[in-house]
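Take a look at the letters that make up each chain.
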Amino acid sequence: MAIKSVDICCGLAWGDEAKGKIVSHLIQKNKYDWICRWNGGSNAGHTIYIGGKKYATHIIPAGVFYNIPCYIGPDCLINVDAFIKEINYLNDNGFDTSKIFVSGNAHVITKEHVNDDISQYQKQQGSTGSGIAPCARDKFARKGILLKDYDKFPYKDNIWTESHSPLFGDILCEGAQGFWLDINHGMYPYVTSSYTLPYSACSLGFTHRVIRNIYGAAKVYDTRVGVDPYFEHHDAHLYKDTFDNIATIGEEYGTTTKRKRKVEWLNLDKMIYAINICGTNIIIMSKIDILEKINTFAYIYNSEYVVCDDKKDFIRNINTIILNKCSVVDKIIYSDNPETINHL
Ligand code: IMP
Ligand code: MG
């Protein structure tokens, strides 16, 4: 059976844009045959609410919560111990993990990779310490370990080693991290060591011609974990208390590392650039409820802070600017709760 269509959900910022919620919503609304991950490893953290209960995954796609086959592609990096731990966590919570497949060409993150990451990247660049950069280094030096050659991966039947793509039907690809963490387009060297843009979803094994919708995940304010001297506006000190408030009320703590995230007003200059390169036709802006709680609405445009009168003014301005500057965008949706998205 051939591949019929591919939908992609990618992050338009620095990760943590509620991709998990969007993917979970799309799975319930549409009929998909496969849910796939194309990049990163257990550095990512996806939060999903099901029946009011909160779940967190790092490498396994959200399809597992809905009994849909999942595929983790050849560009992903696998820490086998972390993978087993995640499978056990899902099994303990009653989810069937028998339909999770991994490409045999995915690379294995070793203990040395994790140690190198902790000693060379964690402090200096604020990496998650999951071994991503050293594993990618060895992959590109062509001395890495492929999953299919690794003895200690216990789920041998779930490895895809065929030379053809195992995928068919309607596919949803969930991105990890976000635009500004991409190794090519992000703020190098303050990036991750993978391709976070939708073009790289094709590494799963399909042509870009089958791509249907590209959903762009964003938040109504920006957040950043890890080191990044380019993140903050030069006047960020003026809003220090407000940003602290947003971080607390918005529960802006890393899913993987539990670190408190830095907050900044939404940078529309950056977002416009990201949208136009990603080609995201539907934009989901999350966490408008957090700005309602602090009752302050602002953004950055043309490198300046713009403060709005109210929520209506904020949404109207943002929609006008984005629709004007990004002809690819059909629809912008604002979401005000962690579990569902209306109008998507
Ligand atoms: P690494 O991916 O662990 O090498 O980290 C590189 C940079 O990407 C650091 O600034 C991390 O904080 C950031 N990063 C990696 N994964 C995520 C994520 O899933 N969400 C947000 N930031 C991330
Ligand atoms: Mg996350």
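Structure: see above.
Nothing here was measured: the structure is a model prediction, and the numbers come from that model. (Residues numbered from 1 in each chain as written. Chains lettered and ligands numbered in written order. Predicted model: local features only at pLDDT ≥ 70, side-chain atom pairs only at ≥ 80, totals over all residues. Heavy atoms only, no water.)

1. Things to note about the pairing of strand E10 (residues 169-174)
Test applied: Type-normalised accessible area, obtained with a 1.4 Å probe on protein chains alone, sets the label of each residue: buried when under 20%, exposed when over 50%, and partly exposed for intermediate values. Each helix corresponds to a stretch of at least 4 residues labelled H or I by DSSP, and each strand to a stretch of at least 2 residues labelled E; elements are numbered beginning at the N terminus. In this description, strands pair whenever DSSP reports at least two bridges between them.
For E10, the tally of buried residues reaches six of six residues, placing the bulk of the element in the interior. For strand E1 (residues 3-11) and E10, the ladder comprises six bridges, and the chain directions are parallel. Paired with isoleucine 8 across the strands is cysteine 173, a residue of E10. For strand E2 (residues 34-37) and E10, the ladder comprises four bridges, and the chain directions are parallel. Each residue of the ladder has a partner; that of cysteine 36, found in E10, is cysteine 173.

2. Some points on the sheet that holds strand E13 (residues 262-267)
Rule in force here: Geometry is summarised by axes, namely lines fitted to C-alpha atoms with helices restricted to the contacting stretch, and by angles between N-to-C directions that run from 0 to 180 degrees.
Pairing in this open sheet of four strands is mixed, and the strands run E12-E13-E15-E16 from one edge to the other. Either end of the sheet is taken by a strand with one partner, and the two such strands are strand E12 (221-224) and strand E16 (304-307). Mean inter-strand twist for the sheet, computed between neighbouring axes without regard to direction, equals 45°. Relative to E16, strand E15 (residues 298-301) runs antiparallel, the two being bridged by four bridges.

3. Some details on the coordination of the magnesium ion (ligand 2)
In plain terms, the rule: Listed donor atoms are N, O and S within 2.8 Å of the metal (Na, K and Ca: 3.2 Å). As water is not included, a site may look incomplete.
Protein coordination of the magnesium ion (ligand 2) is provided by Asp16 (OD) and Gly45 (O), with donor distances spanning 2.3 to 2.6 Å. Pair noted here: aspartate 16 is in the loop between E1 and helix H1 (19-29) and glycine 45 is in the loop between E2 and strand E3 (46-50), with a separation of 29 residues, a long-range link. On the accessibility criterion, aspartate 16 (24% relative accessible area) is partly exposed.

4. Quick look at the site of ligand 1
The condition that has to hold: Nearness of a residue to a molecule or strand requires only that one of the residue's heavy atoms be within 4 Å of it. Pairing of N or O atoms within 3.5 Å defines a polar contact, subject to two protein rules: one partner must be a possible hydrogen donor and the other a possible acceptor, and residues neighboring in sequence count only if both atoms are side-chain atoms. Surface accessibility in these figures is a Shrake-Rupley result with a 1.4 Å probe; residues are shielded only by whichever protein chains are displayed.
For ligand 1, the set of nearby residues contains 18 residues, the closest of which are Asn43, Thr128, Thr192, Arg224 and Arg259. Within the side chain of asparagine 43, a nitrogen or oxygen atom sits 2.9 Å from an oxygen atom of ligand 1. Measuring from an oxygen atom of ligand 1, one finds a side-chain N or O atom of arginine 224 at 2.8 Å. Coverage of ligand 1 by the protein amounts to 95% of the 470 Å² it exposes when considered alone.

5. A word on the side chain of serine 194
The condition that has to hold: Any two residues whose heavy atoms approach within 4.5 Å are treated as being in contact.
As for its placement among the helices and strands, serine 194 is situated in the loop between E10 and strand E11 (211-219). Judged by its relative accessible area of 5%, serine 194 is buried. Among the polar contacts listed, one links the side chain of serine 194 to the side chain of asparagine 39, at a separation of 3.1 Å. Excluding anything up to four places from it in sequence, serine 194 contacts Asn39, Gly40, Gln177, Leu181, Asp182 and Ile183.

6. Points about unusual backbone geometry
The step from tyrosine 188 to proline 189 runs through a cis peptide bond, and the omega angle for that step is 5°. Its location among the elements puts proline 189 in the loop between E10 and E11. For alanine 18, which is not a glycine, the phi torsion comes out positive at approximately 70°. Positionally, alanine 18 belongs in the loop between E1 and H1. For alanine 18, a relative accessible area of 27% puts it in the partly exposed group.

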